[in-house]
Amino acid sequence: MGKASNSRALSIARVIIGSASIVACSSPIGVAEPVDLVLYSPAPPNIMLDAHNRSLAAQLESCDAFGTVETKPVALPGAIDEIRRVDPTVRPYHLPIMTVLDFQTAIDGTAPDWHAYSPPVSDLKFVADLYDVAFGILVFDENIKSFDDLRGRRIGVPARASSVRWFTEVLLRDGWGILDEVTLVDIAPPDLPAAIASGEIDATSWSIMSETPDGFLPLIPPLLSVEGAHWIDADEATLDAINAASPFQTEIVKVSRIAGSSSSSANLLSFKQGLAAWSDTPGEVVESVVDCLEGADLGFGDGPHSLDSSLDWPGLRNGDIHPALVEE
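Every chain is numbered independently, its residues counted from 1 as its sequence is written. The predicted nature of this model means local features are confined to residues of pLDDT at least 70 and side-chain atom pairs, given and counted, to a pLDDT of 80 or more, with totals for whole chains, interfaces and linings taken over all residues. Calculation of side-chain values draws on the structure's entire complement of heavy atoms; hydrogens and water are dropped beforehand.

Enquirer: An account of the sheet that holds strand β2 (residues 35–41) is needed here, citing residue identities and associated values.
Expert: Pairing between strands is defined by DSSP: at least two bridges between them are needed. Think of it this way: any DSSP run of H or I at least four residues long counts as a helix, any run of E at least two long counts as a strand, and we number them from the N terminus. Strand order in the open sheet made by the 5 strands is β3-β2-β4-β16-β5, with mixed pairing throughout. Bordering the open sheet on either side are β3 (66–73) and β5 (124–131), each of which pairs with just one other strand. Sheet twist, expressed as the average angle between the axes of neighbouring strands with direction ignored, equals 30 degrees. Across 3 bridges, β2 lies against strand β4 (residues 94–99) in parallel orientation. Across the sheet, Y40 pairs through a bridge with P96, a residue of β4. In this fold helix α2 (residues 48–61) packs onto β2, β3, β4 and β5, with an angle of close to 170 degrees to the strand it touches most, β3. Fitting a line to C-alpha atoms yields each axis, with helices limited to the stretch in contact; the angle taken between N-to-C directions then spans 0 to 180 degrees. In this analysis, two residues are considered to be in contact whenever any of their non-hydrogen atoms come within 4.5 Å of each other.

In C-alpha cells:
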C-alpha cells in the first residue's frame, strides 16, 4: 500500500474485536522482515476488553508483516509512562491502545492532575479505531428513574487514576451537575455484589459495555441479574454539556440490545478504544497494521467494520493521524 489518498486517509479500519475467527493476510508493502510488536491494553487481564485486545494481537500475528505481537495489560496513564522507559530503539513498536478520553488529552497535556500525562505526549499518533465501549451509570433501585434521583445516593466507582473514574466524574459533574450531591465509593469489582446486596451502593460506573454477537454485554455480566438493574440514559443535553466542558469529545451510543438484561435499550456515552503509534513508528509498519485489520471479521459484534471514517473518532484532528496514513 502506498501513500494514502484523501479518501484512504479518512478511512482507517474499524474492527470489532473478539475471540472468534482470525483472517490470515499478507502485507502488500513488502516489509523485509516480520516486525515484533507490543500492544499495551488498558484493561485489566482476564476481562472482556482485554480479550478483545488479545484478539487484536492474534489478528496482527496472522499477517506476514508481523512476528510476535505481545499484549501487556497496563492501565492508563501508566501504559504511557511504561513506554517512556522502553529502549528508544524498540519504542516505535510499543503501541498503546488509548481511550477517547486519553488520546488527545495525552497529546495536549490536558488530563486532570491525578490522571496526568506529564510531560505531554506530543508524538502520539492515531492509527485505527478499534471498538466502541458504552459508558454510563447502572442503578439497582427501581425508584431511581433519572439522574435527579441519584442525589444523595452512593455510587461504586474505580479508584483514581482510572479512566473510568475520570469519565464518572465528568458525567456526574459536567453532564448532570450532581457530583457534589452524590457519594463516590471506591470499590473493586469482586466487592460489588456484596456492596449491592447490603445497600452500601445504589449504582455503579463499573458497568461499561462492549458489543457481542448477542448485543452489548457489560464488563461484569452478573450485575444485570440484580433485580431492578437499569441504566440512566444520557441525552443530547448531557452530551453537549460534557463536550463543552471537557478537553476531549465523546458521543452518544444508542444501545439497542443488552445481552442478558431486561432492559431492551439505553443511550449511553462512547468510551471508544483506538490503536495509537508514534511519529517515529515506520510508515510501512503503520500501513501494514491498517491493511491487516481492514475487513477482518473476528466474530465479535456485527462482523467486519472497515468502512467507517477515522474521523468518526470524536474530535480527531488531522494532525493527530500518523503521517503514513495522510496524503502528503
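Enquirer: An account of the nonpolar core is requested, with residue identities and associated values reported.
Expert: Buried residues of nine kinds, namely Ala, Val, Leu, Ile, Met, Phe, Trp, Tyr and Cys, make up a nonpolar core once their side-chain atoms join them within 4.5 Å. Each residue is placed in one exposure class: buried if its accessible area under a 1.4 Å probe, protein chains only, is under 20% of its type's maximum, exposed if it is over 50%, and partly exposed if it falls in between. Of all hydrophobic cores here, the largest spans 104 residues; its most connected members are L60 and F66. Other than its neighbours up to four places away in sequence, L60 contacts L37, L39, F66, V69, V289, C292 and L293.

Enquirer: Run through the state of the cysteines, naming residues and quoting values.
Expert: By definition, disulfides here are pairs of cysteine sulfur atoms that lie within 2.5 Å. For the structure on display, the rule yields 1 disulfide. Here C63 engages in a disulfide with C292; their sulfurs sit 2.0 Å apart. The S-S bond linking C63 to C292 shows a torsion near 85 degrees; that makes this disulfide right-handed. Taken as a pair, C63 in the loop between α2 and β3 and C292 in helix α8 (residues 283–293) lie far apart in primary sequence, 229 residues in all.

Enquirer: How would you explain the side chain of S162 if you had to name every residue and give the values?
Expert: By the element assignment, S162 lies in the loop between β8 (154–157) and α5 (163–175). In terms of polar contacts, S162 uses its side chain to reach the backbone amide nitrogen of V164, at 3.0 Å. In contact with S162, other than residues within four places in its own chain, are W114 and H115. We call two N or O atoms a polar contact when they sit within 3.5 Å, provided that within protein one can donate a hydrogen and the other can accept it, with sequence-adjacent residues counted only if both atoms are side-chain atoms.

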